[in-house]
Amino acid sequence: MAYDTEMFKYVADEYIKENGVIPVLHCLGVMPLMEGNTIVGVVTESKSGRLAIRAKRVIDCTGDADIAYRAGVECVMAEEKTGDLEPGYLMGGTLVYGLTDVDTAAVEEEADSDPSQRHPVMHRKMYHGIEKARAAGEIMPPYTNKSFIYNRVTKNELPALNHCVYPVDGTDVLSLTKAEIESRKSIMDIIPILRKYEKGMENAKLRNFAMSIGVRETRRIIGEYRMEFKDVFDEKTFPDAIGVYPVCMDGPEGVLPAFTEAYFQVPYRITVPVKIENLLVAGRCCSSKRRAVTITRQVDFAMVTGCQRQ
Ligand SMILES: Cc1cc2nc3c(=O)[nH]c(=O)nc-3n(C[C@H](O)[C@H](O)[C@H](O)COP(=O)(O)OP(=O)(O)OC[C@H]3O[C@@H](n4cnc5c(N)ncnc54)[C@H](O)[C@@H]3O)c2cc1C
C-alpha cells in the first residue's frame, strides 16, 4: 500500500494528540533506571540535557531493543542462518529516496509492459532500464540492486524508491554513518543512469532522501516464548494470543504475499523478556527465532505487538 510519507508525519502528530500521549521529539532513551531486576524508568538525553523519567511500565519500541539490552536482557542478532544469510550477516539497510520531474504515466506504461515488473508484493519491480544500462557497459554504483521498486502517490513524482541495499549494523553508530553517507553517493550516481535508460525518467531530479537509512534487522530479545518460522505455517494458536497475523513473509526466507485467509496467532510472551521485570518490547525486536524474522520484522506485525490493551 503506497502512502504519503510527508502527510503521515502530520497524521501521526494528530494520533499522538488524540490519544493523550505527551510527545518528546529530539530525545533518545539511553539507559534503563533499575531497582534490582526491575526497570522503573529510563534516562534520556536531549538538548535539554539528561533527564530521568520514572514509569509504571517501560515498553521498548526502539527496533533495536536498546533499553532492554542495556537493562541486561539477553539478546540475539544474526545468530543463525536464514535463507542465504549466514550467521553474522544482517539483512542490508536501505536509504529510500524520492524523484521529482518524472513522467509517471510513462513509468507506469513501462511497468505494465512486462508482467514480471508488476510483482504482487514488490509493487513495481523495474529492471528493464538497469538491464539496458548494464548491457551498455555502465558501471553501477556499489550496492544498487539489479531492479528497483517504487511507490507513487502523486503525479510527476516517485516519492519512495527502494534501490540500494547496503550492509549496515544498526547498533553501531559508525556503521550507520558510513551506510547512510555511501548510500547517498550511490543514489546520486544512479540518477543519471536512470535518466538515460528508464522510460519517463529522462528529466528526473532528486526530490528527497529519507530522514535516515532504514534498518531491517538488529537485536531481538530472548523472551518467554520465541516465535518460530514453523508456527506461521502451522497457523499456530496460543492461549496468550494478543492478535492475529496472516501467513505471509518478505525477507531472506523468500517472498509470500498474504493472498489467502490463513493466519496464525501472536503470543503475548514474545513481548516479555525473561529475567528483567516490568519491561515489555514491541516491534521487530520481539522474541523470535531468526528464520521467523522474515515475518516478525513487518510493519503490521509490529502493530500487532504494540496494540495490546490491558
Ligand atoms: C527500506 C525498507 C523497506 C521496508 N519495507 C517494508 C514493507 O514494505 N513492508 C513491511 O511490512 N516492512 C517493511 N520494512 C520493515 C519495517 O519497516 C521495519 O521492520 C519496522 O518498521 C520495524 O518497526 P519497529 O517499530 O520495530 O521499529 P522502527 O520502525 O525502526 O521504529 C523505531 C523507532 O524508535 C526510534 N528509536 C530508536 N532508538 C531509540 C532510542 N534509543 N531512543 C528513542 N527513540 C529511539 C527510532 O527513531 C524509530 O522512530 C522495510 C524496512 C526497510 C528498511
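The structure we're discussing is the one just above.
Residues numbered from 1 in each chain as written. Predicted model: local features only at pLDDT ≥ 70, side-chain atom pairs only at ≥ 80, totals over all residues. Heavy atoms only, no water.

**Here's the deal with the packing of aromatic side chains**
Taken as a whole and assessed by the stated rule, the structure comprises 6 aromatic pairs. Ring geometry for tyrosine 245 and phenylalanine 264: centres 6.0 Å apart, planes at 70°, overall edge-to-face. Separated by 19 residues along the polypeptide, tyrosine 245 in strand S12 (residues 241-246) and phenylalanine 264 in strand S15 (residues 263-267) bring together distant segments of the chain. We note that tyrosine 245, like phenylalanine 264, is buried. Three or more aromatic residues link up through ring pairs in this structure, and these residues are Tyr245, Phe264 and Phe301. Directly above the ring of phenylalanine 209 sits arginine 184, whose terminal nitrogen or CZ lies 5.9 Å from the centroid. The ring of tyrosine 69 is capped by arginine 219, whose NZ or CZ atom sits 3.9 Å from the centre of that ring. (Phe/Tyr/Trp six-rings, centres within 6.5 Å; stacked < 30°, edge-to-face > 60°. Helix = DSSP H or I, 4+ residues; strand = E, 2+ residues; numbered from the N terminus. Buried < 20%, exposed > 50% of the residue type's maximum accessible area, 1.4 Å probe, protein only. Lys NZ or Arg CZ within 6 Å of the ring centre and 35° of its normal.)

**A closer look at the layout of surface pockets**
Sizing a probe to match a water molecule and rolling it over the atoms shows the empty space that remains. A volume near 560 Å³ is recorded for the second largest pocket. Along its surface, the second largest pocket is lined by 19 residues, and Gly29, Val42, Thr44, Ile53 and Ile59 are the ones closest to its centre. For the lining of the second largest pocket, a count of residues per class yields 11 nonpolar, 4 polar and 4 charged. (1 Å grid on protein atoms, 1.4 Å probe; cavity = no way out; pocket = protein on both sides within 12 Å on 5 of 7 lines; lining within 4 Å. Points joined across faces, edges and corners; volume = space filled by probe spheres on them. Nonpolar A, V, L, I, M, F, W, Y, C, P; charged D, E, K, R; others polar.)

**Details of a nonpolar patch on the surface**
A grouping of Met7, Tyr10, Val11 and Tyr15 is seen on the molecular surface, where their side chains present a nonpolar patch of about 420 Å² in accessible area. Among the structural elements, valine 11 can be located in helix H1 (residues 5-18). According to the relative accessible area criterion, valine 11 is partly exposed, its value standing at 33%. (Patch = residues over 30% accessible without salt bridge, like charges linked within 9 Å, V, L, I, M, F, W, Y side chains within 5 Å. Areas by Shrake-Rupley, 256 points an atom, 1.4 Å probe, with all protein chains shown as cover. Salt bridge = Lys/Arg side-chain N within 4 Å of Asp/Glu carboxyl O.)

**Side note on the site of the ligand**
The full set close to the ligand counts 18 residues, and Gly29, Arg284, Arg297, Gln298 and Val299 are the nearest of them. In the model, an oxygen atom of the ligand is placed 2.5 Å from a nitrogen or oxygen of the arginine 297 main chain. Valine 299 places a main-chain nitrogen or oxygen 2.8 Å from an oxygen atom of the ligand. When isolated, the ligand has an accessible area of 990 Å², and the protein chains bury 62% of it. At 3 residues, the largest contribution of residues to the shell around the ligand is made by strand S1 (residues 27-35). Here the shell around the ligand is composed, by residue class, of 6 nonpolar, 8 polar and 4 charged. (Near = heavy atom within 4 Å. Polar contact = N/O pair within 3.5 Å; in protein donor to acceptor, adjacent residues only side chain to side chain.)

**Focus on the environment of aspartate 66**
Tracing the backbone through its elements, the reader meets aspartate 66 in helix H2 (residues 66-70). Sequence spacing of aspartate 66 and valine 30 is 36 residues, and the spatial spacing of their C-alpha atoms is 7.5 Å. In this view, aspartate 66 contacts Asp60 and Arg219; residues no more than four positions away in its chain are not counted. (Contact = heavy atoms within 4.5 Å.)

**Topic: the sheet that holds strand S8 (residues 144-151)**
Reading across from one edge, S7-S8-S9-S6-S10 is the order of the 5 strands in this open sheet, with antiparallel pairing throughout. Pairing within the sheet leaves two strands with one partner each, and these edge strands are strand S7 (124-126) and strand S10 (205-209). Adjacent strand axes in the sheet meet at a mean angle of 35° when their direction is disregarded. The sheet contact formed by strand S6 (residues 97-100) and S10 spans 4 bridges and is antiparallel. What sits directly across from threonine 100, in S10, is lysine 205. Here helix H3 (residues 104-112) sits on the sheet and contacts S7, S8 and strand S9 (157-164); the angle it forms with S7, its principal contact strand, is near 85°. Across the sheet, helix H5 (residues 173-197) lies against S6, S8, S9 and S10, angled at about 30° from S6, the strand it touches most. (Pairing = 2+ DSSP bridges. Axes fitted to C-alpha atoms, helices over the stretch in contact; angles between N-to-C directions.)

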